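The residues making up each chain are set out below.
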Amino acid sequence: MISRALEPLVPFWPGSGLSVVFLGSNMCSQRWEWCLALEFLMLPHLFLATSIQDHSEHPVTAISGSNVSLQISSLPANYKQLTWLYTTNQKILEWESNRTNFFKSKFKDRVRLNQSHALCIYNVQKEDSSTYILRVLDESGTEKDWHISLEVHDPVPKPDIEIRKTQKVNNGCHLQLSCMIPNQSINYTWYGDSGPFSTGLQNFVLEITVEPQNYSKFYTCQASNPVSSKNDTVYFTLPCQLARSSGVAWIATWLMVMVPIVPGLIWT
Ligand SMILES: *[C@@H]1O[C@H](CO)[C@@H](O)[C@H](O)[C@H]1NC(C)=O
Ligand SMILES: *[C@@H]1O[C@H](CO)[C@@H](O)[C@H](O)[C@H]1NC(C)=O
Ligand SMILES: *[C@@H]1O[C@H](CO)[C@@H](O)[C@H](O)[C@H]1NC(C)=O
Ligand SMILES: *[C@@H]1O[C@H](CO)[C@@H](O)[C@H](O)[C@H]1NC(C)=O
């Protein structure tokens, strides 16, 4: 068991420069399962080590269906071979002495290497979101990895404000509006005519009490993700009424103004 515990737990971690990890026999002398458990516990540390030794570019954010190019900014001047990988184990293409070989992958007909050796991907989809690795073999035979992550988002759908509650309380009006878009990672911002409310970005509900001196003529919910944003608005009229379109609100206001005026017109 002890000799087993001294075997490398992670025999080879590609590109990390950290190829062998030993655990002392005292850490791992119980059962082999323990070693496996420890291996998982240690993985985050390995990733940490990896990111220190490798080079990371800023993440690239893209909208589904667009074309992106993953560009590494500081490549060495001379290199013999260049490989683009999807995660650590799937090769996409390899460039060597001016020839590019494409590997069988889900990218096969959607990728190209441009002149500065950026990886161009056409028609990106959400499933393409991942970390891409550029592995460069330089003249001296040293391998270096660059990591660049791609985040692909669908455009947000148009939100639809649900009026959950309008309730008259004393002099004011209690409102509860909801703007949830299911199954998507979205930030919500609520606006009134004096600017955004501080509901917090994950909050799709706006619950407020307004009074004649501080109501807003409209309430807008803006749904956004890093690539797009859409909004919906409802319109408020005193004392406690909400409408989907400003037209209705305008007619309501107009009626409130006209009702006292019309008899006045008739009687004069
Ligand atoms: C992506 O590139 C292809 C091929 O060059 C082109 O036909 C297409 O219009 C581009 N798509 C977008 C969204 O730019
Ligand atoms: C409006 O004013 C009332 C009374 O001051 C207060 O309770 C309420 O929170 C205010 N509403 C908003 C949306 O600021
Ligand atoms: C929500 O907003 C936070 C803070 O601005 C941002 O980091 C995060 O990426 C946003 N999430 C989405 C889904 O847009
Ligand atoms: C709401 O969307 C419209 C376009 O659909 C845009 O002109 C407006 O600025 C947006 N408003 C907010 C508060 O995001």
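What counts, and where the lines are drawn
- Residues numbered from 1 in each chain as written.
- Chains lettered and ligands numbered in written order.
- Predicted model: local features only at pLDDT ≥ 70, side-chain atom pairs only at ≥ 80, totals over all residues.
- Heavy atoms only, no water.
- Pairing = 2+ DSSP bridges.
- Helix = DSSP H or I, 4+ residues; strand = E, 2+ residues; numbered from the N terminus.
- Salt bridge = Lys/Arg side-chain N within 4 Å of Asp/Glu carboxyl O.
- Buried < 20%, exposed > 50% of the residue type's maximum accessible area, 1.4 Å probe, protein only.
- Core = buried A, V, L, I, M, F, W, Y, C linked by side-chain atoms within 4.5 Å.
- Contact = heavy atoms within 4.5 Å.

Caption draft 1: Quick look at the sheet that holds strand β14 (residues 195-196). Across the sheet, 5 strands lie side by side as β14-β13-β16-β17-β18; this open sheet has antiparallel pairing. In this open sheet, the two strands that pair with only one neighbour each are β14 and β18 (241-243). Of the strand pairs in this sheet, strand β16 (residues 218-225) and strand β17 (residues 228-237) are connected by 8 bridges, and their pairing is antiparallel. Bridge pairing in β17 places C221 opposite D232.

Caption draft 2: Layout of the pattern of salt bridges. Using the criterion set out here, one finds 9 salt bridges in the structure. Linking R110 and D128 is a salt bridge whose minimum nitrogen-to-oxygen distance equals 2.9 Å. A residue pair is termed long-range when its members are at least 10 positions apart, and R110 in the loop between β6 (99-102) and β7 (111-113) and D128 in the loop between β8 (119-121) and β9 (130-138) qualify at 18 residues. With a relative accessible area of 17%, R110 lands in the buried category. D154 is paired through a salt bridge with K126; the nearest N and O atoms lie 3.6 Å apart. Remark: K126 occurs in the loop between β8 and β9 and D154 occurs in the loop between β10 (143-153) and β11 (162-169); sequence separation between them is 28 residues.

Caption draft 3: Local environment of the nonpolar core. One finds L70, W84, I92, L119, I121, Y132 and L150 to be the most contacted residues of the largest nonpolar core, which totals 25 residues. Looking at this core, the elements with two or more residues in it are β2 (60-63), β3 (68-70), β4 (79-86), β5 (90-96), β7, β8, β9 and β10. Residues within four places of Y132 in sequence aside, it is in contact with L70, W84, L85, Y86, I92, F107, L119, I121, W146, H147, I148 and L150. Grouped together as the second largest cluster of nonpolar side chains are 20 residues, C179, I181, L206 and L242 included.

Caption draft 4: Local environment of the pairing of β17. Between β16 and β17, which follow one another and run antiparallel, lie 2 residues. In the sheet, β17 pairs with β18 via 3 bridges, with the strands oriented antiparallel. Each residue of the ladder has a partner; that of Y235, found in β18, is A243. Linkage of β17 to β18, two consecutive antiparallel strands, is achieved through a turn of 3 residues.

Caption draft 5: How the structure looks around unusual backbone geometry. Each neighbour pair has its own omega, and for L238 with P239 the value is 5°, a cis peptide bond. Looking at the element boundaries, P239 is found in the loop between β17 and β18. Positive phi outside glycine occurs at H117, with the angle close to 65°. You can see H117 is positioned in the loop between β7 and β8. Residue classification places H117 among the buried residues on the basis of a relative accessible area of 11%.

Any functional reading would require information that these geometric values do not contain.
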